[in-house]
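Summary of the model geometry
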Amino acid sequence: MTYRSTKQRLQASIVMGSLLAACLPALAMAQSTDRQMNGLKLSNDQPIQIESDQLEIREAERKAFFTGNVKVVQGATTLQAGTMTVLYQGEGTSVTQGNADIDKIDVDGKVFLSSGTQQATADKGRFDLVAQVFVLEGDRVVLSEGQNVFVGCKLTVQMTSGQAKLDSCGRRVQIQLDPKSQKK
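Residues numbered from 1 in each chain as written. Predicted model: local features only at pLDDT ≥ 70, side-chain atom pairs only at ≥ 80, totals over all residues. Heavy atoms only, no water.

What follows concerns the overall build of the chain. The helix and strand tally for the chain stands at 2 helices and 11 strands. If you list the helices and strands of the chain from N to C, you get α-α-β-β-β-β-β-β-β-β-β-β-β. Across the 184 residues in the chain, those meeting the buried criterion constitute 45%. Residue pairs in contact within the chain that sit at least 24 positions apart in sequence constitute 51% of those at least 6 positions apart. Only carbon and sulfur atoms are counted for the fraction: they give 45% of the accessible area of the chain, which is about 9,500 Å². (Helix = DSSP H or I, 4+ residues; strand = E, 2+ residues; numbered from the N terminus. Buried < 20%, exposed > 50% of the residue type's maximum accessible area, 1.4 Å probe, protein only. Contact = heavy atoms within 4.5 Å. Areas by Shrake-Rupley, 256 points an atom, 1.4 Å probe, with all protein chains shown as cover.)

Here it is in C-alpha cells:
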C-alpha cells in the first residue's frame, strides 16, 4: 500500500540507513557518548515498498497498524520489525487518501535495519517526525559495519543536526574496532 504523502513521510523510517553510515565511525568509547553525524539525508527519489501480514487503519484515531513480519524497503535500505504503528495528524486527513501528515512512527519486536554494509538491531524504535528525533532502544542496541561493532541500550539521533548519542543505561558502551577498516 503506497500513498504519495505517506510515502514521503515514511521515508523518515528509512533514514536509519544514512544514520548508520554516519554514526558508526563517529561514536567513541564511554558510558554515554555523543557526536556529530554528517550526511544524514532523506531519500526522496526512491519508492518505498511496505509489506506486513496485516494492515489496520483507524481513521478516527489517526493511526495505521502494520503487524506481523513488517518489512519496509527503499533502495538498498531494509527495515524489519514485528509491528509498525504510524501516527498521523491533521483534521480531515486520511492514510487511504494519501494526505496524512505523519507525526510519529513506532517499530517494535526485533527491529532490524540494514543498509549497504551497515546493520542495526534493537527491541524497539521511534521516529518523531515533528521533533526530527529518532531513538532505537533495547536491552542490546547493536550497530555494526563490517568488523566494527557498537553496543549500547539507547541510540538517539537528532535528524536535523546529525547529533547522535549512544547510551549504556547503567552499564558500559562496548565498541570493537577493526583497524583495517579505517580509511588511509
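One pass over the structure, following the stated rule, counts 1 aromatic pair. Taking the centre distance of 3.9 Å and the plane angle of 35 degrees together, the rings of Phe127 and Phe134 count as tilted. We note that Phe127, like Phe134, is buried. (Phe/Tyr/Trp six-rings, centres within 6.5 Å; stacked < 30°, edge-to-face > 60°.)

A separate point is the state of the cysteines. Cysteine pairs can be linked by a disulfide, which is a covalent bond between their two sulfur atoms. Within this structure, the stated rule accounts for 1 disulfide. There is a disulfide in this structure between Cys153 and Cys169, and the S-S distance comes to 1.7 Å. Judged by the torsion about the S-S bond (80 degrees), the Cys153/Cys169 disulfide is right-handed. Remark: Cys169 occurs in the loop between strand S10 (163-167) and strand S11 (174-176) and Cys153 occurs in strand S9 (residues 148-158); sequence separation between them is 16 residues. The class for Cys153 is buried, based on a relative accessible area of 3%. (Disulfide = S-S within 2.5 Å.)

This next bit is on unusual backbone geometry. Positive phi, close to 55 degrees, is recorded for Lys110, a residue that is not glycine. Within the secondary structure, Lys110 sits in strand S6 (residues 101-115). Phi is positive for Cys169, close to 55 degrees, though the residue is something other than glycine.

The pairing of S6 with strand S7 (residues 118-128) spans 10 bridges and is antiparallel. From the neighbouring strand, Phe112 faces S7, where its bridge partner is Thr121. Where S6 hands over to S7, the hairpin turn is made up of 2 residues, of which Gly116 adopts a positive phi near 60 degrees. Across 9 bridges, S7 lies against strand S8 (residues 133-145) in antiparallel orientation. Looking at S8, one finds that Asp128 is bridged to Val133. Following S7, the chain reverses through 4 residues before pairing antiparallel with S8; Gln132 in that reversal takes a positive phi of roughly 60 degrees. (Pairing = 2+ DSSP bridges.)

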